[in-house]
Amino acid sequence: MHYPDCVLLKSVRVLDLACGDADAVTRLLADLGADVLKVEPPGGSPARAAAPLLGGVSIAFALHNANKRSITLDAAEERDRRRFEELAGTADIVVDSGLPGRAADFGTSCAGLADRFAHLVTMSVTDFGTSGPRAQWQATDAVLYALSGALSRSGPTTGTPVLPPDGIASATAAVQAAWAVLVGYFNRLRCGTGDYIDFSRFDAVATVLDPIFGAHGQVAAAQRASSRWRGRPRNQDAYPIYACRDGYVRLCVMSPRQWRALWSWLGEPAEYADPKFGVIGERFAVWPQISALIRALFASQDMADLVTAGQSRGVPIAAVGDPAQVLAEEHFAVAQAVTRTELAPGLPAVIPTGYYVVDDRRAGFRTPAPAVGEGDAGWLAEPLAEPTVRGAVGARPFEDLRIVDLGVIVAGGEASRLFGDLGAEIIKVESAAYPDGLRQARPGAAMSESFAWTHRNNSGLGLDLRSPAGKEIFTGLVGAADAVFANFKPGTLAALGFSYDDLRAINPRIVLAESSAFGESGPWSDRMGYGPLVRATTGVTALWTSPDPARDTERHPFYDATTVFPDHVVARVAAIGALAALIGRRSTAAGSHVHVSQAETAVNQLDTSYVARAAGSAVQPDTEVDLVCPCAGDDEWCVISIRTDADMHAVAAAFGDEGLADEPRLRTGAGRTAHRAELAAALGRHTAVHTPTGVAELLQGSGVAAAPMNRPPDVADDPQLAHRAVFAPMTHPLIEHPLPAETGPAPFRNIPVAPQRPAPLPGQDTREICRSLLGLDDGETDRLIADGVLFTGGSARLDGGEAKLRPPHEPGGLV
């Protein structure tokens, strides 16, 4: 199947020096239309040989280099060195990876290129950044999970923690890197000056995957408070999973209405008829007894029948899908989210097509990864005309943008926060009847920490969008805005009278960026969806298991209940699409509609794994082994990644057990994979006498990727994160202690760190928005408030929280 070229970034020239995990950064830009030219050494990139392999072709390389072209340059040849300099000087973006990086072969670096070519945005993607106490450390996904705190929240209450699925950390870092480099390019368009970005994959995973200091989801928002607690998660079943006749299903019952639907399905048991059980906390107190009723109802039924019955009743439910079968699901085929193509000549496979639907057309896979040297023609993209009026260097790039935000919970709210952190004016539109779910706070708390993190730098407008007068108010907002963000179920905006066609009729330059659980088309598009249901449906839950035998034979084997994946990632994927649309309208003077599916995001994050699993025995697997080993202390752990035979010998030598590497069953990658438990036990005897940090320092000094398992306090005190100033204290007048908050997507030279205006109370800025932006006098605003069209937080204000609005007559920014 051929997909039309996306044109949002059609004038952007990207020189790709990356290798391995960073290949996915520029693939994302290529999907959105950028001209990506990959520089490879003679013989091709080493990543072309990276397992898993299908017919000798690296699946990861084939997937993450689609839609690119390749040029071969030999750094030993003077002619090729001149050619490299010419390409770098005429590029818009350069992305390199590793220490010292491919640019070093040509006698330079990303920082050096940015110094030489003032217009250029360059990014160096490394595991830990180019400076700091861990700059020379090596990272695998397992290492990133351990250091970021994700591992400490995954697994049983006692015993060995459970590693999240391999691939998610690297894919998450790639999305954050794409966001950061596109921000740098947008800023170049604004001020005429490029940038150098020292990007760290560890920083990205710590702040994006399952951030210790960030929104934790709707259930956690009502219960969780930041602390120095070092214990393991007490509840690994916040989104419970139940066995049925042919597998497992998951429930995600959040609202009182959803609880009533489940109660009815259970036969309306009298002991739970009290309306108080509509509150999450009240249900949790008696959930063991409710679970017994659910188990009895589900045990004799099939997954498909339960999902059909539950969804028809209004109960959020999903089957736990098989990762090997996900790409064959009818939904993804109908939505054109997968396609059958040749990874290489004669090697057909079903692959995910990418993250985006733009203006109702799939924007993703168009051409397979190039053969070595196929792009010798040079640049194909015509450069974008530079603006005649430039903003100041050192200002925030989005200061001229206004976004009307209808987004809720994590994925919706965080997308706009990313723009607010970079200077955009964010107007959060909120209903009195249906406030944002993240506003659920612990008893006695005026605001949840999750809401404070997610909605800082927002202004709050209270509006009943269903009323005629409310629609008129919203029309005025759209007319004065650059973008609208939403994450409703597909069709909701249209039902309110604000389809994209309606929005475009109001403002032809408007960008609509939406996300939903399962996308706008396909059999699952009308399903209720939350992150836990998306993970179950797309096979992520089935991958989130322990390789060790379960201690609790009564419990299901899955451990993904404490993650917020893919919500934070979806927010960034949507933000990238929105920013690409804002860039694209420079040349078209028209907006675009960008849609992102959470389910498709999850599948694309695990694309290599899913393609390999679908191909079955034809695949030559990756034999890297990631081990979680006990350490000295109370419930202390470390991870060790053994990628090669050399790693195995280095580990054995570091522990003074050289004979271990010569053990016949552990001598090869295949043997270590087959006898993983035996290897873990042998290494565990050595690690048990060392601290987690001691093991990591010992093995990293020997060139082996290893790390301690960080808990929340460890992340707060992590020396590498502190060196790079990844977090800064954020204060909110309604929260008694400062909250560590991310300072931005990456360190820039020419973009300052995020401001920290406190998240608003409901309707806090309604009067100011009506007065300054919509031109309503106070009497008219009062009448609309009395009629219930508007609502306000009253006279109370938060220090530093006043809305800062552009006058309504100002244009909507450079783009």
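See the structure printed just above.
Treat the numbers as computed from the prediction; the structure is a model and nothing was measured.

Undergrad: In this structure, what is going on with the overall build of the protein chain? I would like to understand it.
TA: Along its length, the protein chain carries 30 helices and 28 strands. Its C-alpha radius of gyration of 26 Å places the protein chain within 12% of the 28 Å reference for a compact globule of 815 residues. Taken along its principal axes, the extent of the C-alpha atoms in the protein chain is 80 × 70 × 50 Å. Counting only residues that meet the buried cut, the protein chain has 60% of its 815 residues in that class. Contacts spanning at least 24 positions in sequence make up 79% of the contacts within the protein chain whose residues lie at least 6 apart. Only carbon and sulfur atoms are counted for the fraction: they give 52% of the accessible area of the protein chain, which is about 29100 Å². In the protein chain, the 72 positive side-chain charges and the 95 negative ones have mean positions that sit 2 Å from each other.

Undergrad: What exactly am I supposed to notice about the sheet that holds strand S1 (residues 13-16) here?
TA: Whenever strands of a sheet pair, they do so through backbone hydrogen bonds, lying parallel or antiparallel. Ordered by their spatial adjacency, 6 strands build an open sheet running S5-S2-S1-S6-S7-S8, and the pairing between neighbours is parallel. At either margin of the open sheet sits one strand with a lone partner, and together these are strand S5 (69-72) and strand S8 (195-200). Taken pair by pair, the neighbouring strands of this sheet meet at an average axis angle of 20°, ignoring direction. With 4 bridges joining them, S1 and strand S2 (residues 35-40) adopt parallel strand pairing. Across the sheet, the residue bridging to Leu15 is Leu37, located in S2. Strand contacts of helix H3 (residues 78-90): S1, S2 and S5, with the helix running at about 140° to S1, the strand carrying the most contacts.

Undergrad: What should I look at first to understand the pattern of salt bridges in this one?
TA: Pairing of side chains with opposite charge becomes possible as their charged atoms draw close. Counted under the stated rule, the structure contains 45 salt bridges. The residue Arg672 makes a salt bridge to Asp645 at a minimum N-O spacing of 2.8 Å. With Arg672 in helix H24 (residues 669-674) and Asp645 in helix H23 (residues 645-654), this residue pair connects regions lying 27 residues apart in the sequence. Using a relative accessible area of 1% as the deciding quantity, one classes Arg672 as buried. Here Asp787 ties to Arg783 by a salt bridge, and the two come within 2.9 Å at their closest N and O atoms.

Undergrad: Mind showing me how you'd approach helix H7 (residues 201-208) here?
TA: Given 3.6 residues per helical turn, the α-helix brings residues three or four places apart onto the same face. In terms of burial, H7 is largely enclosed, as 8 of its 8 residues are buried. Among all positions of H7, only Arg201, Phe202, Asp203, Ala204, Val205, Ala206, Thr207 and Val208 are buried.

Undergrad: I tried to follow the pairing of strand S10 (residues 247-251) on my own but got confused; where do I start?
TA: The two faces of a sheet get side chains in turn, since along a regular strand they alternate between them. Judged from the 4 bridges that link them, strand S9 (residues 241-244) and S10 form a sheet pairing that is antiparallel. Within the sheet, the bridge partner assigned to Tyr242 lies in S10 and is Val249. Hairpin connection from S9 to S10: 2 residues lie between these consecutive antiparallel strands. Taken together, the 3 bridges between S10 and strand S11 (residues 317-319) define a ladder with antiparallel strand orientation. Pairing of Arg250 across the sheet is with Ala318, part of S11.

Undergrad: Honestly, the sheet that holds S9 in this entry has me stumped. Any pointers?
TA: Spatially, the 3 strands line up as an open sheet ordered S9-S10-S11, and their pairing is antiparallel. Looking at strand neighbours, the two that pair on one side only are S9 and S11, the edges of this open sheet. Along the sheet, successive strands turn relative to each other by an average axial angle of 30°, direction set aside. Strands in contact with helix H10 (residues 280-298) are S9, S10 and S11; relative to S9, the strand with the most contacts, it is inclined by about 25°. On top of the sheet, helix H11 (residues 303-313) reaches S9, S10 and S11; it is set at about 165° to S11, its chief contact.

What counts and how
Residues numbered from 1 in each chain as written. Predicted model: local features only at pLDDT ≥ 70, side-chain atom pairs only at ≥ 80, totals over all residues. Heavy atoms only, no water. Helix = DSSP H or I, 4+ residues; strand = E, 2+ residues; numbered from the N terminus. Rg over C-alpha atoms; globule rule 2.2 N^0.38 Å. Buried < 20%, exposed > 50% of the residue type's maximum accessible area, 1.4 Å probe, protein only. Contact = heavy atoms within 4.5 Å. Areas by Shrake-Rupley, 256 points an atom, 1.4 Å probe, with all protein chains shown as cover. Lys, Arg positive; Asp, Glu negative; His and termini not counted. Charge placed at Lys NZ, Arg CZ, Asp CG, Glu CD. Pairing = 2+ DSSP bridges. Axes fitted to C-alpha atoms, helices over the stretch in contact; angles between N-to-C directions. Salt bridge = Lys/Arg side-chain N within 4 Å of Asp/Glu carboxyl O.

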